[in-house]
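Remarks on the overall topology
Each chain, letter by letter, is given below.
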Amino acid sequence: MFGLKQFFKKLLKDETQKVEQKASVDNVRNAFTNRYLNFKTLLNTNNEVLELITDMEQAFSGSRTFGMSFIRANCTAISVNIYKIIDCLNEIANDRYKVLLEVLEGILPEIDRELQQKKLETGGQLVLPLESVDKTMADQVGAKMANLGEVKNAVGLSVPEGFVITAAAYERFLEHAGLRDEINRQIQSLDPADIARLHEISSAIQNLIINAPCPPELENAIMKAYTDLIKKTGHDIHVSMRSSALGEDTKNASFAGQYRSMLNVGRENLILSYKEIVASKYSVPAIAYRLNKGFRDGDIIMSVGCMTMVEAKAGGVMYSADPGNICHECIIINAVWGLGKSVVDGSMAPDLFILSKENPKIILKNKISAKRQQLVSGVSEGIHLADVAGEQANNPAITNEQSARLGELALRLEKHFGDPQDIEWAFEPDGSILILQSRPLMVLGEELTEIQDIPGSKVDPAEVILSGGVTASPGVASGPAFVVETTVDMLQFPSGAVLVTKNPLPQWAALLNSAVAVITDKGGVTGHLAAVAREFKVPALVGTSTATRYIHNGDIVTVYATGRTVYAGRAESLLKKAAEKTSLMQGSPVHNALGNVLKYIAPLNLTDPDASNFTPQGCRTIHDIIRFAHEMSLQELFGFKKDSSFPEHLAKRLVIDVPMQWWVIDLSGGCREGIKGNTIGLEDIISDPMLTLWEGITAIPWKGPPPIDTKGFFSVMYGATLDRSLVPGMRSRYSERNYLIISKNFCHLSSRFGFHFSTVEAFFGEKVAENYICFNFNGGAADDARRARRADLIRLILEKFDFWVKIKSDSVFARLERQKIPFLKERLKVLGHLVMHTRQLDMVLSNSGRVNKYLEETLKELSSFVDVSQS
């Protein structure tokens, strides 16, 4: 009886332990999952906010037209996302950074105050004549018509007579028809992945708009404007009607071809055509485009330009520069018979004229196509194809003299707007030229085939050192190159030099007071160094891949960041152009409002995590909060193992022929399923970062402790006498296990080897912005000087492999972030090797010569299995 009682008691105890163990496992996994998911969200949101800031900075310094709607939309998105970043940081850090909310709530009212001083001016006017429109009115008429009004009224070029149905008219139309709530309801229920539903909703909303009644006051205003046009021209007219939406003035979002244009529209169809253009905001391509670009429905407000229909003898498109390389001094013109729409939509092979920019205009190349059809206006309405008679099909659509006239207009527009332009034009039967549109030229990533065989089209005879990369801060500058790889290089940086570096580390920002330009191998426009470069108006070209390979200290170079090109020597004509260039929007109330708002958003004051002001209270801008939260999130996540008590029973011993005990804790998906018992083999591991780290650990077998001299021996003995963990009765940290905490894409190694402690953490995600490696190494039994030399040795090695490294006493901290997985994998192998092979080196590093010896040996070993070409 007693035995049976004991049996059931033991059985109950075992079951209770199993439940407790399962709960313990679940708690640890939940804790990690919560931290990881919040960290991942923080990184993604961090990147989104930096992209928004970059967009605002580039608009402020660039030539594109924008309105207050652009500023407000970006400020709203930044505000929402910065709260998300702070919430995620506090989830990771158990609410230790709540004070950041107080800091943010001191900044946001200042931004709101600036925005209140410049209210969104859609005005009450439903229709505006084109002669009253200019660059400052993008909020009322959209960027497209604001630019065209600028061409007419500021540049003084001929454009068709016309008027604009404004953004206020759009709002009034939706309000009168009661459409807003229904449209919002339909859009909110939309799943972008459900294509059938997308078509269904698109059709439903477009039908609602087309069948909705137009407010009488709006219909009357449109009809009056049309009648005024007839009086102005002196005869009955038809009009072309084109979308000009607010929200099109956002970086990398041209909305080209997403909305309808109606050509050759008569009086009786004006209102219907207006509604069809408004309805085209909800076409399937337009909805999909907004969803993919992250635009909210309310961000896009539709205004419509109405201009007298042109009876074009010839029409087309011209670029005031080569879109493949705007350094080429040429003008490109495409021309067809009749309306130029067939050039825009690519439906017809046009004539090609390439002109020099200098006077007199020289035709560098022309190619005449057979143009057997042309687009012409219909007798009643609309347009249609008509045959081109006889030999006219093979004749050029414009003469050489006409091409030169077009070239002159292209240069006038480029000079006024401050950047190369993409221009639509038409020749009337009497030979006069009309400008139909002028917008910033979209730069391509490669040279046009038509340009490659044209001699003398380069802006300068200077040799191109490299081309490509990303424009992080526009502009052009020249000076001697200075390559910065370490903090020692940083201290030697000369004033007036071009900063050349592999990685755009935040600490290099301190050099921008002295640098005339920046070129990096890696990085993007949202990095901290890129942001500070824009703030200081220093041209910056990042992500070139090869800058440090081809540019050396002392080389005189010209960095044309806008054109993504670096020249040998001084490219004088480029430098002259840069000195003459001004922003079109500069001085306007909207431009001033953006500048005032950016003062509270863009400047980065927190560049050094070791500085005394690197605190929540030191954050003076949105960018400061982002920088601080990013740095603290890494530190908090890196300290996860240290702050967490992992139960012993969670770990499985790794059975492997490598010295020391290795124990694996699988948080989720790091090992294959169904493993039983307390041991695990390497073949059971599927964690990508752990397998990569292990490759570095085992690539070259450890040969044991290095030979030690007498001084080194006594140094170790002295260090041991100061270590309390060697006192009898104390639990020795040297008997502790080496833990690998893993999931499928994550690995955290906490390792103790003798007197040495190292930590490695890595994550490989779907997005480059999520990827990182962190490393910490400290400890040692030798004296302070030898441990310091070992720390410096590790620093030298890691800097050779692109790590950001910081040393405190004998501790080394290093990390790499936002890099592609193949690049990080090779660097993770380096850390695996160092974890095994730098322990106990402090005992033999008696002088700097020994440091250099082991540096050479280690680099040679690493070169045998690390592929440094991965980038």
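Residues numbered from 1 in each chain as written. Predicted model: local features only at pLDDT ≥ 70, side-chain atom pairs only at ≥ 80, totals over all residues. Heavy atoms only, no water.

**Overview of the overall build of the chain**
As a reminder, the rule being used: By the criteria applied, helices consist of DSSP H or I runs no shorter than four residues and strands consist of E runs no shorter than two, each listed in order from the N terminus. Only protein chains enter the accessibility calculation, which uses a 1.4 Å probe; a residue is then buried when its area is under 20% of its type maximum, exposed when over 50%, and partly exposed in between. Surface accessibility in these figures is a Shrake-Rupley result with a 1.4 Å probe; residues are shielded only by whichever protein chains are displayed.
Looking only at helices and strands, one finds 25 helices and 30 strands in the chain. Looking at the 871 residues of the chain, the share that counts as buried comes to 55%. Of the roughly 37,600 Å² of accessible surface on the chain, a fraction of 52% belongs to carbon and sulfur atoms.

**Some thoughts on the nonpolar core**
The test is simple: As used in this record, nonpolar core signifies buried Ala, Val, Leu, Ile, Met, Phe, Trp, Tyr and Cys residues forming a set joined through side-chain atoms within 4.5 Å.
By size, the foremost hydrophobic cluster in this structure holds 49 residues, and its most contacted members are Trp662, Val664, Leu740, Phe775, Leu798 and Phe803. With eight residues, the single largest contributor to this core is helix α24 (residues 821-837). Counting residues in each nonpolar core, the second largest holds 47 residues, with Val127, Ala167, Ile230 and Cys306 among its members.

**Focus on the side chain of Gln402**
Formally: Counted as a polar contact is a pair of N or O atoms within 3.5 Å, where, for protein atoms, one must be capable of donating a hydrogen and the other of accepting one, and residues adjacent in sequence contribute only when both atoms are in side chains. Note on contacts: a residue pair qualifies if any of its non-hydrogen atoms lie within 4.5 Å across the two residues.
Tracing the backbone shows Gln402 in helix α12 (residues 400-417). Among the polar contacts made by the side chain of Gln402, one reaches the main-chain amide nitrogen of Thr399 at a distance of 2.9 Å. With residues up to four places along the chain from it excluded, the contact list for Gln402 reads Ala397 and Phe427.

**Brief notes about helix α18 (residues 589-598)**
Among the 10 residues that make up α18, seven are buried, leaving the element largely enclosed by the rest of the structure. Residues Val590, His591, Ala593, Leu594, Gly595, Val597 and Leu598 constitute the buried set of α18.

**Focus on the packing of aromatic side chains**
Our working rule: The aromatic pairing rule takes the rings of Phe, Tyr and Trp, using the six-membered ring of Trp, and pairs them if the centres are within 6.5 Å, calling planes under 30 degrees apart stacked, those over 60 edge-to-face and the rest tilted. Geometrically, a charge over a ring is one whose NZ (Lys) or CZ (Arg) sits within 6 Å of the ring centre while staying within 35 degrees of the ring normal.
Across all of its chains, the model carries eight aromatic pairs by this definition. Ring centres of Phe39 and Tyr772 lie 5.3 Å apart, and the angle between their planes is 80°; on these two criteria the pair is classed as edge-to-face. Taken as a pair, Phe39 in helix α1 (residues 2-61) and Tyr772 in strand β28 (residues 772-779) lie far apart in primary sequence, 733 residues in all. Residues Phe39 and Tyr772 agree in their burial class; the two are buried. An angle of 75° between the planes, with centres 5.8 Å apart, marks the rings of Tyr97 and Phe628 as edge-to-face. With Tyr97 in the loop between α2 (68-92) and α3 (99-116) and Phe628 in helix α19 (residues 622-638), this residue pair connects regions lying 531 residues apart in the sequence. Of the two residues examined, Tyr97 and Phe628, each falls in the buried class. Feature note: the residues Tyr97, Phe614 and Phe628 constitute an aromatic cluster, connected by ring pairs. In this structure, Lys806 packs its charged tip against the face of Phe813, placed 5.9 Å from the ring centre.

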